[in-house]
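# What the coordinates show
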Amino acid sequence: MSTTITHHLTDALLMSYAAGNLPEAFSLVVATHISMCDECRARLASFEAVGGAVLEDAPECAMSEDSFAATMRLIAGMPAEARIEAAPETRGLFPKPLRDYVGGDVDAVQWRSLGGKLRQAVLPTARDASVRLLYIPAGAAMPDHGHAGMELTMVLQGAFHDEDGYYGPGDVEVANEDLKHTPVAAPGPDCICLVATDAPLKFSGLLPRIAQPFIGI
Ligand SMILES: [Zn+2]
């Protein structure tokens, strides 16, 4: 992808991802960003190498007598198609990891209106955290909010800015308890973001607070 990504994943997130410790919702954002960002993919590889070194130094643990032969028999018995690499895909807006969750590209998203032109689609994941697609019309503002936990926001289309900076396609904003912000979608294409949270957001305005249980953010 030719876009210039300036806001990257933190080392802590990449390490947790490499260790397999992230909630599914956050893993999806990390995997989606990694698929667009050479820099973070390289940093992830170095963290994975650490894991590989740990494994290589770990004491060996014998498996049952027949394990190797049994595995080879299973491989030999697999249908031929299963061993053929999938053909390279035609590119849409959504990178592969995200497309797997949506079941297609943007046209396959099951949007729900949040009022006005604001829309969201919650993606199915384990319940320890949640991840959703947000559709914010160009120029529109999200209600200003704080965070009870961590929030990862990755831009897929368009751009937004808040108190902390300007975020374009591929950029990730990592927000935590300390950040209270009002994201505003930039002019141009409507903004589509992938947002993962591990705790409900804390809205400051009365109306969003009333609407929150219905919106499910
Ligand atoms: Zn990156």
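Look up a bit, the structure's there.
First, a word on what this report is: a plain description of the structure on this page. (Residues numbered from 1 in each chain as written. Predicted model: local features only at pLDDT ≥ 70, side-chain atom pairs only at ≥ 80, totals over all residues. Heavy atoms only, no water.)

This next bit is on the pattern of salt bridges. On inspection of all chains with the given rule, the structure shows five salt bridges. The closest approach of N and O atoms between Arg 99 and Asp 105, which form a salt bridge, is 3.9 Å. Judged by relative accessible area, which is 16%, Arg 99 ranks as buried. (Salt bridge = Lys/Arg side-chain N within 4 Å of Asp/Glu carboxyl O. Buried < 20%, exposed > 50% of the residue type's maximum accessible area, 1.4 Å probe, protein only.)

Time to look at the nonpolar core. Considering soluble globular proteins, one finds that nonpolar side chains tend to be buried as a cluster. One finds Leu 9, Leu 98, Leu 123, Val 131, Leu 133, Leu 156 and Leu 194 to be the most contacted residues of the largest nonpolar core, which totals 33 residues. Elements with a contribution of two residues or more to this core: α1 (11-19), α2 (24-36), α3 (38-57), α6 (96-102), β2 (119-123), β3 (130-136), β5 (151-157) and β10 (191-197). With seven residues, α2 is the single largest residue contributor to this core. If you look at the next biggest cluster of nonpolar residues, it comprises twelve residues, including Leu 118, Val 155, Ala 185 and Cys 191. (Core = buried A, V, L, I, M, F, W, Y, C linked by side-chain atoms within 4.5 Å. Helix = DSSP H or I, 4+ residues; strand = E, 2+ residues; numbered from the N terminus.)

Our next topic: the pairing of β3. Counting buried positions along β3 gives six out of seven residues, so the element sits mostly inside the fold. Relative to β3, β2 runs antiparallel, the two being bridged by five bridges. Paired with Gln 120 across the two strands is Leu 134, which belongs to β3. Once β2 ends, the chain turns through six residues before running back antiparallel as β3. As judged from the seven bridges shared by β3 and β10, these two strands associate in the antiparallel manner. Counted as the bridge partner of Leu 134 is Cys 193 from β10. (Pairing = 2+ DSSP bridges.)

Once that is clear, we can look at the side chain of Thr 125. Summarising the element assignment, Thr 125 is placed in the loop between β2 and β3. A polar atom in the side chain of Thr 125 sits 3.5 Å from the backbone oxygen of Ala 129. (Polar contact = N/O pair within 3.5 Å; in protein donor to acceptor, adjacent residues only side chain to side chain.)

Here the focus is the sheet that holds strand β7 (residues 165-167). Read from one edge of the open sheet, three strands run β7-β6-β9, paired in antiparallel fashion. Whereas interior strands pair on both sides, the edge strands pair on one side only; in this sheet they are β7 and β9 (184-185). Here strand β6 (residues 160-162) runs beside β9; their pairing, made up of two bridges, is antiparallel. Each bridged residue has a counterpart across the sheet, and for His 161 the counterpart in β9 is Val 184.

A surface patch of nonpolar side chains, amounting to about 400 Å² of accessible area, comprises Phe 68, Met 72, Ile 75 and Met 78. Turning to its location among the elements, Met 78 is positioned in the loop between α4 (67-77) and α5 (80-83). (Patch = residues over 30% accessible without salt bridge, like charges linked within 9 Å, V, L, I, M, F, W, Y side chains within 5 Å. Areas by Shrake-Rupley, 256 points an atom, 1.4 Å probe, with all protein chains shown as cover.)

Bear in mind that shape data such as this cannot, by itself, settle questions of function.
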